[in-house]
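Tertiary structure, described
Residue-level listing of the chains:
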Amino acid sequence: MEKEQIRENFYEAVNGEWLKSAKIPGDQPAVSAFLELHLGIEKTLMDLTSKWENNPSDLNDNLKKYIKLYQMTKDFDKRDELGTKPFEIILNKINQLNSLSDLEKAFKDLTLESIDTPFGFNVMQDFMNSDNQILYFGASDLFLPDTSYYHDESKKKQLIGLFTMTTTQLLKLYGFSEKEVDQLISDALAFDALLVPVTKSSVEKADYVKMYNPLSKDKVNELTNNFNLMSQAEALVNQSVDQLIITNLDFIHAFDKIITDDNFALIKSWMIVSNAIKFASDLTNDIRIAGGAFRRALSGTKEAQSKEKYAFYQAYNRFGQVVGLHYGETYFGPIAKEDVKIMVHEMIGVYQERISNNTWLKEDTKEKAIKKLSTLKVHVGYPDELPPYFDKFEIKSYDEGSNLIQERLSMNKIINTHEFNKYNQKPNRNIWGMPASMVNAYYSPTNNQIVFPAAILQEPYYSLEQTPSENYGGIGAVMAHEISHAFDNNGAKFDETGSLNNWWTKADLDAFDNKAKDMIALFDGVETGFGECNGELTVSENIADSGGLRCALEASKKNKSHNLEEFFKNWARVWRMKASEEYSQLLLKVDVHGPSILRANMQLSNLEEFQDYYHIKKNDGMYLPKEKMVSIW
Ligand SMILES: [Zn+2]
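I will try to describe carefully the structure that is included in this document. (Residues numbered from 1 in each chain as written. Predicted model: local features only at pLDDT ≥ 70, side-chain atom pairs only at ≥ 80, totals over all residues. Heavy atoms only, no water.)

Here we look at the coordination of the zinc ion
- Ligation of the zinc ion by protein atoms is provided by His 481 (NE2), His 485 (NE2), Glu 541 (OE) and Glu 541 (OE), these donors lying 2.0 to 2.7 Å from the ion.
- For the zinc ion, the 4 donor atoms in the first shell make angles of 52 to 138° at the metal, so the coordination geometry reads as irregular.
- Look at where the donors of the zinc ion fall in the sequence and you get H-x3-H-x55-E. With His 481 in helix H22 (residues 468-484) and Glu 541 in helix H24 (residues 539-558), the pair connects residues that are 60 residues apart, well separated along the chain.
- Overall, His 481 belongs to the buried group, its relative accessible area being 6%. (Donors = N, O, S within 2.8 Å, 3.2 Å for Na, K, Ca; no water. Tetrahedral: all angles 85-135°; square planar, octahedral: opposite > 155°, others 65-115°. Helix = DSSP H or I, 4+ residues; strand = E, 2+ residues; numbered from the N terminus. Buried < 20%, exposed > 50% of the residue type's maximum accessible area, 1.4 Å probe, protein only.)

Quick notes on the side chain of Asp 488
- Secondary-structure assignment places Asp 488 in the loop between H22 and helix H23 (506-523).
- Within the buried core, Asp 488 has no salt-bridge partner, and the shortest N-O distance to an opposite charge, that of Lys 493, equals 7.7 Å.
- Not counting residues up to four positions away in its chain, the partners in contact with Asp 488 are Phe 512, Ser 540 and Ile 543. (Lys, Arg positive; Asp, Glu negative; His and termini not counted. Salt bridge = Lys/Arg side-chain N within 4 Å of Asp/Glu carboxyl O. Contact = heavy atoms within 4.5 Å.)

Observations regarding the sheet that holds strand S8 (residues 449-453)
- Spatial ordering of the open sheet is given by S6-S8-S7, a layout of 3 strands whose pairing is mixed. The strands lining the two open edges of the sheet, one partner per strand, are strand S6 (377-381) and strand S7 (442-444). Direction aside, the axes of adjacent strands within the sheet are offset by 15° on average. (Pairing = 2+ DSSP bridges. Axes fitted to C-alpha atoms, helices over the stretch in contact; angles between N-to-C directions.)

Comments concerning the packing of helix H9 (residues 153-173) against helix H10 (residues 178-195)
- As a packed pair, H9 and H10 sit with axes 10 Å apart at the nearest point and diverge in direction by 140°. The angle between H9 and H10 places the two elements in the oblique class. Handedness of the H9/H10 crossing: right-handed. The residues of H10 that touch H9, namely those facing Ile 160, Phe 163, Thr 164, Thr 167, Thr 168, Leu 171 and Lys 172, are Glu 178, Val 181, Leu 184, Ile 185 and Leu 189.
- Looking at side-chain class alone, the contact of H9 with H10 contains 7 nonpolar, 3 polar and 2 charged residues. (Parallel < 35°, antiparallel > 145°, perpendicular 65-115°, else oblique. Left-handed = near helix turned anticlockwise from the far one by under 90°. Nonpolar A, V, L, I, M, F, W, Y, C, P; charged D, E, K, R; others polar.)

Remarks on the pairing of S8
- Counting buried positions along S8 gives 5 out of 5 residues, so the element sits mostly inside the fold.
- Bridge count for S6 against S8 is 5 bridges, and the pairing is parallel. Pairing of His 379 across the sheet is with Val 451, part of S8.
- Alignment of S7 against S8, held across 3 bridges, turns out to be antiparallel. For Ser 444, the partnering residue across the bridge sits in S8 and is Gln 449.
- In this structure, the hairpin formed by S7 and S8 is closed by a connection of 4 residues, where Asn 448 is found at a positive phi of approximately 40°.

Topic: the packing of helix H4 (residues 61-73) against helix H21 (residues 404-421)
- Look at H4 against H21: their axes get within 10 Å of each other, and the N-to-C directions meet at 145°. On H21, the residues touching Leu 69, Met 72 and Thr 73 of H4 are Leu 404, Glu 407 and Met 411.
- Of the residues that constitute the contact of H4 with H21, the class distribution is 4 nonpolar, 1 polar and 1 charged.

Focus on the pattern of salt bridges
- In this structure the tally under the stated criterion is 33 salt bridges.
- Between Lys 309 and Glu 42 there is a salt bridge, with the nearest N and O atoms lying 2.9 Å from each other. Linking Lys 309 in helix H18 (residues 307-331) with Glu 42 in helix H3 (residues 33-54), this pair joins segments that are 267 residues apart in sequence. Considered together, Lys 309 and Glu 42 belong to a single accessibility category, that of buried residues.
- A salt bridge links Lys 362 to Asp 508, with the nearest nitrogen and oxygen atoms 3.8 Å apart.

Details of unusual backbone geometry
- With an omega of 5°, the peptide bond running from Glu 459 to Pro 460 counts as cis.
- With respect to the element layout, Pro 460 can be found in the loop between S8 and H22.

Comments concerning a negative patch on the surface
- A cluster of acidic side chains, namely Glu 204, Asp 250, Asp 524, Glu 527, Glu 532 and Glu 536, defines a negative patch on the protein surface.
- By secondary structure assignment, the location of Glu 536 is in the loop between H23 and H24. (Patch = residues over 30% accessible without salt bridge, like charges linked within 9 Å, V, L, I, M, F, W, Y side chains within 5 Å. Areas by Shrake-Rupley, 256 points an atom, 1.4 Å probe, with all protein chains shown as cover. Charge placed at Lys NZ, Arg CZ, Asp CG, Glu CD.)

A look at the nonpolar core
- Counting 123 residues, the largest nonpolar core has Phe 10, Tyr 66, Phe 319 and Trp 633 as its most contacted members.
- Of all the elements, H18 adds the most residues to this core, at 11 residues.
- Residues contacting Tyr 66, with those up to four places away along its chain left out, are Thr 49, Trp 52, Phe 312, Ala 315, Tyr 316, Phe 319 and Val 323. (Core = buried A, V, L, I, M, F, W, Y, C linked by side-chain atoms within 4.5 Å.)

Some details on the packing of aromatic side chains
- This model, assessed by the stated rule, comprises 51 aromatic pairs.
- The interplanar angle of 50° and the centroid separation of 5.2 Å between the aromatic rings of Phe 121 and Phe 137 together place this pair among those described as tilted. Taken as a pair, Phe 121 in strand S2 (residues 119-126) and Phe 137 in strand S3 (residues 129-139) lie far apart in primary sequence, 16 residues in all. Summarising the burial analysis for this pair, Phe 121 and Phe 137 share the class buried.
- When the centroid spacing of 6.2 Å and the interplanar angle of 50° are considered together, the rings of Phe 568 and Tyr 614 count as tilted. (Phe/Tyr/Trp six-rings, centres within 6.5 Å; stacked < 30°, edge-to-face > 60°.)

Okay, here's the thing in C-alpha cells:
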C-alpha cells in the first residue's frame, strides 16, 4: 500500500486489489464482504439441503416440512405442467369483488392469506408501552421504490416505462389478452398515482417515531366513511379495538377521497397486478423469471437465479429460522456463543466508560444512558426459541392435491392468525427478527436488545486467525455499532424498557440534536461516484458507525497487541463493495446505511487517531479539519 494512496483514498488503498478482481455474480446486483460470507453460507445450506433430502428420516419435524416444501419448489416440470392454474384461486377471489362493500366482506380472508390489498394492518409493540402489542395501519407500497422517483419527470418516465414493459410481459404469460393487459396496467398505475402524494419518502420513513400516530376509534370512523376500517380491525384481532396507530396520517386523511366506489375498478386492477407480481414466484419457470424482471432491472442485476438456487430460496425463505437454528447450533455452537457474549459485554463496558467520561452530557442524562446500557439484552449466535407457527405448518405435496400457491396461502394464514392473536398481549422478547444464518445484526429499540446471528461471526468480521485489532476493527465495531443504535436519533427516544420516553434533560437533548445535525452535514452531498450521499436519510446509521468505531478503537487500545494500522485496515475491509451503477444509485435513494466508500473513508477521516497516524495533510483526500469532526458517542 502506497502512503500517497492511503492519504488520498484509504478504502481504495486497502481494497484496490479486491475491487479490481471481485466479480459481481450474474444473479446479484453487487458483491461485498457481506455477500461473500452469504455466498459461503448459501453453499453450506444448499449442500445440507441436498443431504437432508436424501435422508430425511433423522430430521426434526420442522426440517422435514422444509424438505417437503423444497421438493415441491424444485419440481419445475410439475410447476410448468400446472401453469397458471394455481393462481386462479387468488384471481377468482379478486374478480368476485365489485364494490368496497364486497372488499369489506372479503378483507379478513385476503389479509390472513397475505393477498395484497391497497391498505392493511399489522400488530407490533406499542411504542408507548413496549410490554403491549397493538394495531398499526397503513397503505401499501408504491410500485417504484421511492417517492422521489415520481417527482423527477425523466426518471419517472424511464422507470414507469420499465415497469410497464416488464409487467406487460408477465401478465401476458398469465394468459391475459393484450387489451386486458393494457387496461390492467393503466388502471393499476392510475391507482398507484393516487397514493404517491400521501406516501412518505425514504427520508421521511427513516424517522420512525413519526410512524406513531394514535387515532381513536371515533376519529378513524370519521375519516373512513366509505369503508368500515374499525370493524375490519376488530374482526382481525377478535376483540374490540379502541385506537389504531396510523403510520402515515396523510393517507388516512385522504382515505375517503382515494378509497371510493368510483375508484373501485382501479383498485381491483391494482390488486390483480400486485398479486400477479407477488405470486409469480410460485408458478412456472418463465413466470417466476418474468416476475423478477422489474426488480432486476432496477438494481442492475443481469440474470435471474438458476432454478436450483431459486428453489432453495423459495423453501428456505419460509423456513429460514428453522434452518438457521440448525446452522447456528451446528456451525457456531454453545462455546462460541459464550465467547462472543463475553466480547459484547466487553464492548458494553467500554461504552459505559465512554459515557461516564462524556464531556457534553449532564450527570442526570449520563446516569439514564448507563441504565439503558446495563439493561441492554444481548442475543448471540442462534435464538433460544422459534416462532411457534412452524409447528402448525402442514405441507401437502402435489400428490396430495396441493400446489405452491395453496401451500403459501395456508402458511400465510397460520402466520397471520398468530400475528393478529398477539394483539393486546405481552411480546415474547426471545423471538428473533432474522434467522441465525443471515449475515447481519440488529438493535431493537422496543426491546432494548441487540442480536448477532451466527452468520456474521466469521472472517473478515471475526476470526481466531485474525489479530485482536483486526477483530476489533471488524466485529468489535459492528457490535458497538449496534449498541450505538440505542443512542442514535431514533433509538435515543426510547428508554431502557423499550418504550418511547424522553429520558434526556432539555439542554442535553438540544446538544444531541445539534450533533446529529452536524453528522447530517458531514455526509450530505458528498459525492460517491454514483451520486451524492443524502445526509438526512443516513444519519441514524452514520451516528451508529461513528459511535461504533470510536468505542471499538478504545477497546482495541486496551489490548496489549493493539495495532492501529490493523484496526483501520479491517474497518475499511469489511465495507468493501462493488455494485452495478443502477444498484448504487438505488441505494443512495432508499438505503438508510451510508454508501460503503463513505462508511470506510468518512468515518476514518472523522477520527483524530487516523489523521495523526497517517499524517494526513490539508490537500489529502482523507483530510478533515478538526472543526468539522463530529464526535457523539
Ligand atoms: Zn445499523
